[in-house]
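# Reading the structure
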Amino acid sequence: IVRDRFVLRISISLALYVGAELGLASWVAAYLEKDLGAPGPLAASSVAVFWVGIGVGRMVCAGLTRRFQDHTLIRWAFGLGAAFQAILLLMHAPTVALAVIFCTGFCLGPTWPTIISLAGGAFPRNSGAVIGIVAAFGCAGAAVFPKLIGGASDSIGLRAALWICVACLLTGLGMMTW
């Protein structure tokens, strides 16, 4: 199972997703305050707005799983999540940014549970082992990317560093299409 190309592909995709999700969640308040000039309370609320978007996206996804295959939902989540995050990085209005942050979370919300479902469904007899491998990659993404973005922001600026999250999502999208 560890050497299976499919398991490796979805594992790396989950690591990239978690990296983008936590990379944005870790730095979005600082981005709004420093780069967009948002007042402190508005900037601080951005993290909650993002996580509410994630939660609502996951609830909506539960209904969509009856109509769409896991691969399709994952591709849309990666693609729309990357698009909304790119819009966030291209805009300059902090109040409108909150709506875009919610939309980013909403679009990304289905990714984690759907990749886990895909992993378990692909190997029903070994679903525990496969899910464990895939989740471990997600944990690695959580450990690496927030620090990577913070370190990169010291030399290239936070807005530029947050493009790493967009690149992660686009790479994950590519990995889920082949």
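The sections below set out a description of the structure shown in this document. Not measured: the values here are computed from a predicted model.

Under the counting rule described, the total for this entry stands at two aromatic pairs. Ring centres of Phe50 and Trp51 lie 5.4 Å apart, and the angle between their planes is 70°; this geometry places the pair in the edge-to-face category. Ring centres of Phe102 and Phe106 lie 6.3 Å apart, and the angle between their planes is 25°; on these two criteria the pair is classed as stacked. Of this pair, Phe102 and Phe106 both sit in helix α4 (residues 94–108), four residues apart, which is roughly one turn of that helix. Residue Phe106 is classed as partly exposed on the basis of its relative accessible area of 29%.

Another point: a nonpolar patch on the surface. A cluster of nonpolar side chains, Val60, Leu64 and Phe68, forms an exposed patch at the surface whose accessible area comes to about 220 Å². Looking at where Leu64 falls in the secondary structure, it is placed in helix α2 (residues 40–64).

Turning to helix α5 (residues 111–122), a few remarks are in order. In a regular helix each residue adds 1.5 Å, so twelve residues correspond to 16 Å; α5 covers 16 Å between its end C-alpha atoms and thus fits that length. Turning to α5, its buried residues number three or more, namely Thr111, Thr114, Ile115, Ile116, Leu118, Ala119 and Gly120.

Secondary-structure assignment places Ala122 in helix α5. Under the relative-accessibility criterion, Ala122 is labelled partly exposed at 37%. Along the sequence, Ala122 and Val7 sit 115 residues apart, while their C-alpha atoms lie 8.9 Å from each other.

Its 21 residues give helix α3 (residues 70–90) an end-to-end C-alpha distance of 30 Å, which sits within 8% of 30 Å, the value for a rise of 1.5 Å per residue. Three or more residues of α3 are buried, namely Asp70, Leu73, Ile74, Ala77, Phe78, Gly81, Ala82, Gln85, Ala86, Leu88 and Leu89. Taken together, the buried residues of α3 touch α1 (5–35), α2, α4, α5 and α7 (158–175).

Right, let's talk about the nonpolar core for a bit. If you look at the biggest cluster of nonpolar residues, it comprises 49 residues, and the most contacted ones within it are Ile10, Tyr31, Leu32, Leu88, Val134 and Leu162. Contributing elements (two or more residues each) for this core: α1, α2, α3, α4, α5, α6 (127–156) and α7. Residues within four places of Leu162 in sequence aside, it is in contact with Gly23, Leu24, Trp27, Tyr31, Gln85, Leu89 and Ile149.

So, on to the state of the cysteines. Applying the stated criterion to the full structure yields zero disulfides. Here Cys107 stays free of any disulfide, with the sulfur of Cys103 as its closest cysteine sulfur at 6.4 Å. Here Cys168 stays unpaired: no disulfide links it, and the sulfur of Cys165, its closest cysteine neighbor, is 6.2 Å away.

Rules used throughout
- Residues numbered from 1 in each chain as written.
- Predicted model: local features only at pLDDT ≥ 70, side-chain atom pairs only at ≥ 80, totals over all residues.
- Heavy atoms only, no water.
- Phe/Tyr/Trp six-rings, centres within 6.5 Å; stacked < 30°, edge-to-face > 60°.
- Helix = DSSP H or I, 4+ residues; strand = E, 2+ residues; numbered from the N terminus.
- Buried < 20%, exposed > 50% of the residue type's maximum accessible area, 1.4 Å probe, protein only.
- Patch = residues over 30% accessible without salt bridge, like charges linked within 9 Å, V, L, I, M, F, W, Y side chains within 5 Å.
- Areas by Shrake-Rupley, 256 points an atom, 1.4 Å probe, with all protein chains shown as cover.
- Salt bridge = Lys/Arg side-chain N within 4 Å of Asp/Glu carboxyl O.
- Expected span 1.5 Å × (residues − 1).
- Contact = heavy atoms within 4.5 Å.
- Core = buried A, V, L, I, M, F, W, Y, C linked by side-chain atoms within 4.5 Å.
- Disulfide = S-S within 2.5 Å.

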